[in-house]
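# Overview (structure and organization)
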Amino acid sequence: MNKALGIIFGAVGEKQLGFLTAGRTLASVPFGGRYRLIDFTLSNMSNSGIYNVGVIALNNYQSLLRHVGSGKSWDLSRKNGGLRIFPPRGDAQGNTRWDALKSSMHFLANNDERYVVLADGDCVCNIDFSAALAFHEESMADITVIYRKKVLEGGNEKNKLCFTLDSSGEVVEAVKSERAIGTQNVGTYMYIMGREFLLSLLSGEEDIRSLERDVICRRTKEFRIFGYEYDGYFASIDSVQNYYHHSMELLDRSKCSQLFDNNGANIYTKVRDSAPCHFATGCAVSNSIIADGCEVKGVVENSILFRGVRVEEGAVVKNSILFQDTYVGEGTLLNCVITDKNAQILENRMLSGHPTNPYVIGKNIVI
């Protein structure tokens, strides 16, 4: 019997990406040329031997359903356990993690794993949860918070928690990141709890409305809360600017290697058979990620092209992220642009954003 089951939060209210989440939930936003954000959390759980996973959706989850299907791509299509998608309940009172957990109590109650691993669907990392579970068990913790060390300049980790630990690793204080400066233990929105412990909190009469505020921040003296450090690559997507920044980080070979080359722990996604890329004579491509099925006749620099993108002759694409089946016409110049699926930028257009404010073109838009 596996020790843990997994719960993935497909979306929470404070993380919205404008046009990019207008028709899809956060967890199904494309990332890195061929992946969706949820691929990383699903892969991490599967690689760690967690084969009983529930994904809690909030809204716009049709694309998520199409992407994950039965869970076969992550070895989660199983007779016992496997992958389950929980649509939002009609009587849900809000869209916090605690509301989501309330709606999944039947899933928690009807399984017999000892522990629960909780994670947001946008945690872009390659983590071994089995090591974190061993730490949780050895420390006899009620709650283990997974954190990373990061230098904060004030407000650059919005809505996250920062933890102060004692010499044994126990959390003695948890505060919002807006109030912290300098090197901090910053939360990752990944937690481990005992299943029975979590059920007792969910079914109790306490006035709990937020996992972070009402359980972790306010009850450090009541519960045994320990911190487990993750020191690999990590990204959490909570804005368009943040999405652009972390996407561009993948063009750094060392960071890309940290994420995808982790002792054989692969990141999986839905398999799609596409033709190889076609690079026409006279085109120029540098420092870019180009997915299957792309056709490049122009110039592509420092960019990420998803499957089926077409860049015509004379077009120049720089510092941009083009989702599936985007078309870029002859003579068009794009700089710091994000296009959603099936966008068409016709001939001789000039569109430019900035790394701090990329220009976003919605799905099926023609310019």
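Residues numbered from 1 in each chain as written. Predicted model: local features only at pLDDT ≥ 70, side-chain atom pairs only at ≥ 80, totals over all residues. Heavy atoms only, no water.

## A few points about the sheet that holds strand S20 (residues 310-311)
Reading across the sheet, the five strands line up as S14-S17-S20-S23-S26 and stay open at both edges, with parallel pairing between neighbours. Each having just a single partner strand, strand S14 (278-279) and strand S26 (344-345) make up the two edges of the open sheet. Bridging between strand S17 (residues 295-296) and S20 involves two bridges; their strand directions are parallel. In the sheet register, glutamate 295 faces S20, and the bridge partner there is arginine 310. (Pairing = 2+ DSSP bridges. Helix = DSSP H or I, 4+ residues; strand = E, 2+ residues; numbered from the N terminus.)

## Things to note about the layout of surface pockets
What the largest pocket holds in volume is close to 400 Å³. Forming the boundary of the largest pocket are 21 residues, of which Arg24, Pro30, Arg36, Gln324 and Lys341 lie nearest the centre. Where the lining of the largest pocket is concerned, the elements lending two or more residues are strand S3 (35-36) and helix H2 (62-68). A per-element tally of the lining of the largest pocket places H2 first, with four residues. Split into classes, the residues belonging to the lining of the largest pocket amount to four nonpolar, seven polar and 10 charged. (1 Å grid on protein atoms, 1.4 Å probe; cavity = no way out; pocket = protein on both sides within 12 Å on 5 of 7 lines; lining within 4 Å. Points joined across faces, edges and corners; volume = space filled by probe spheres on them. Nonpolar A, V, L, I, M, F, W, Y, C, P; charged D, E, K, R; others polar.)

## Some thoughts on helix H5 (residues 129-138)
Among the residues making up H5, those that are buried are Phe129, Ala132, Leu133 and His136. Taken down its axis, H5 places every buried residue within 100° of arc, on the same side. Close packing links the buried residues of H5 with strand S1 (4-9), helix H1 (37-47), strand S6 (115-120), strand S8 (143-152), strand S11 (182-194) and strand S12 (225-229). Just downstream of H5, methionine 140 is the residue with a positive phi angle, here 55°. (Buried < 20%, exposed > 50% of the residue type's maximum accessible area, 1.4 Å probe, protein only. Arc of directions from axis to C-beta. Contact = heavy atoms within 4.5 Å.)

## Topic: the pattern of salt bridges
Under the definition given, this model contains 15 salt bridges. Among the salt bridges present, the one from arginine 24 reaches aspartate 340, with a minimum N-O distance of 2.9 Å. Placement of arginine 24 in the loop between S1 and strand S2 (30-31) and of aspartate 340 in the loop between strand S25 (337-339) and S26 is noted, with a sequence separation of 316 residues between them. Look at arginine 24 and you get buried, because its relative accessible area is 6%. Overall, the relative accessible area of 2% leaves aspartate 340 in the buried class. Measuring nitrogen to oxygen at the nearest pair gives 2.7 Å for the salt bridge that ties glutamate 312 to arginine 310. (Salt bridge = Lys/Arg side-chain N within 4 Å of Asp/Glu carboxyl O.)

## Some thoughts on the pairing of strand S4 (residues 52-56)
The buried fraction of S4 amounts to five of the five residues, a majority that puts the element mostly inside the structure. Side chains Asn52, Gly54 and Ile56 project from S4 onto one buried face, and the interleaved Val53 and Val55 project onto a second face that is buried too. Here S1 pairs with S4 via four bridges, running parallel. Paired with glycine 6 across the strands is valine 53, a residue of S4. By the bridge criterion, five bridges tie S4 to strand S5 (residues 82-86) in an arrangement that is parallel. Looking at the pairing, valine 55 lines up with isoleucine 85 of S5.

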